[in-house]
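Summary of the model geometry
Chain by chain, the residues run as shown.
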Amino acid sequence: MYILRLKQLGQTMEQGLFVNWLKGKNETFAVGDEIYEIETDKATLAVEAAREGRIVATIVQPDDMIAIGGALAIVAEDGENPSADEISALLAEAGSASA
């Protein structure tokens, strides 16, 4: 399981406006699949997955402003079926890391 974080999409990008999820909760995705849209100061971009997984919890919602490295979601890797307690623990870690 891992925390999906906003990556820098341009040299001057410091934050982005979260637009929409393109993959829903519990929907699997592969490397290269578009999983969310983010609006920068220059454009709205669909962001591709760098790792495969399945979103088990979302942290951000449309219209949230997110800093580079900010937590977006909790993702389970192939074969993982995390418990609610495991997801909650990682959500707590994501919240403290992005604060």
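Residues numbered from 1 in each chain as written. Predicted model: local features only at pLDDT ≥ 70, side-chain atom pairs only at ≥ 80, totals over all residues. Heavy atoms only, no water.

**Considerations on the sheet that holds strand β1 (residues 2-5)**
Overall, antiparallel pairing links the 4 strands, which are arranged β1-β8-β6-β3 in an open sheet. Looking at which strands have only one partner, the edges of the open sheet turn out to be β1 and β3 (28-29). (Pairing = 2+ DSSP bridges. Helix = DSSP H or I, 4+ residues; strand = E, 2+ residues; numbered from the N terminus.)

**Structural notes on the packing of aromatic side chains**
Following the criterion strictly, the structure yields 3 aromatic pairs and no others. Ring geometry for Phe18 against Trp21: centres 4.9 Å apart, planes inclined by 55°, an arrangement best described as tilted. For Phe18, a relative accessible area of 1% corresponds to the buried category. Judged by relative accessible area, Trp21 falls into the buried class, the value being 15%. These aromatic residues form a ring-pair network of at least three members: Phe18, Trp21 and Tyr36. (Phe/Tyr/Trp six-rings, centres within 6.5 Å; stacked < 30°, edge-to-face > 60°. Buried < 20%, exposed > 50% of the residue type's maximum accessible area, 1.4 Å probe, protein only.)

**Digging into the environment of Lys23**
The residue Lys23 is located in the loop between β2 (15-21) and β3 in this model. As a C-alpha pair, Lys23 and Arg54 span 31 residues in sequence and 8.8 Å in three-dimensional space. Setting aside anything within four residues of it in sequence, one finds Lys23 in contact with Thr28, Phe29, Asp33, Glu34, Ile35 and Ile55. (Contact = heavy atoms within 4.5 Å.)

**Things to note about unusual backbone geometry**
The phi angle at Asn26 is positive, at roughly 70°, despite the residue not being glycine. When you line up the elements, Asn26 lands in the loop between β2 and β3. Classification of Asn26 as partly exposed rests on a relative accessible area of 46%. Positive phi outside glycine occurs at Asp63, with the angle close to 80°. Take Asp63: it is sitting in the loop between β6 (53-58) and β7 (65-67).

**Some details on the side chain of Thr40**
Here Thr40 shows up in the loop between β4 (34-39) and β5 (44-48). A relative accessible area of 14% means that Thr40 is categorised as buried. There is a polar contact of 3.1 Å between the side chain of Thr40 and the backbone nitrogen of Lys42. Beyond its immediate stretch of four places on either side in the chain, Thr40 contacts Met13 and Leu45. (Polar contact = N/O pair within 3.5 Å; in protein donor to acceptor, adjacent residues only side chain to side chain.)

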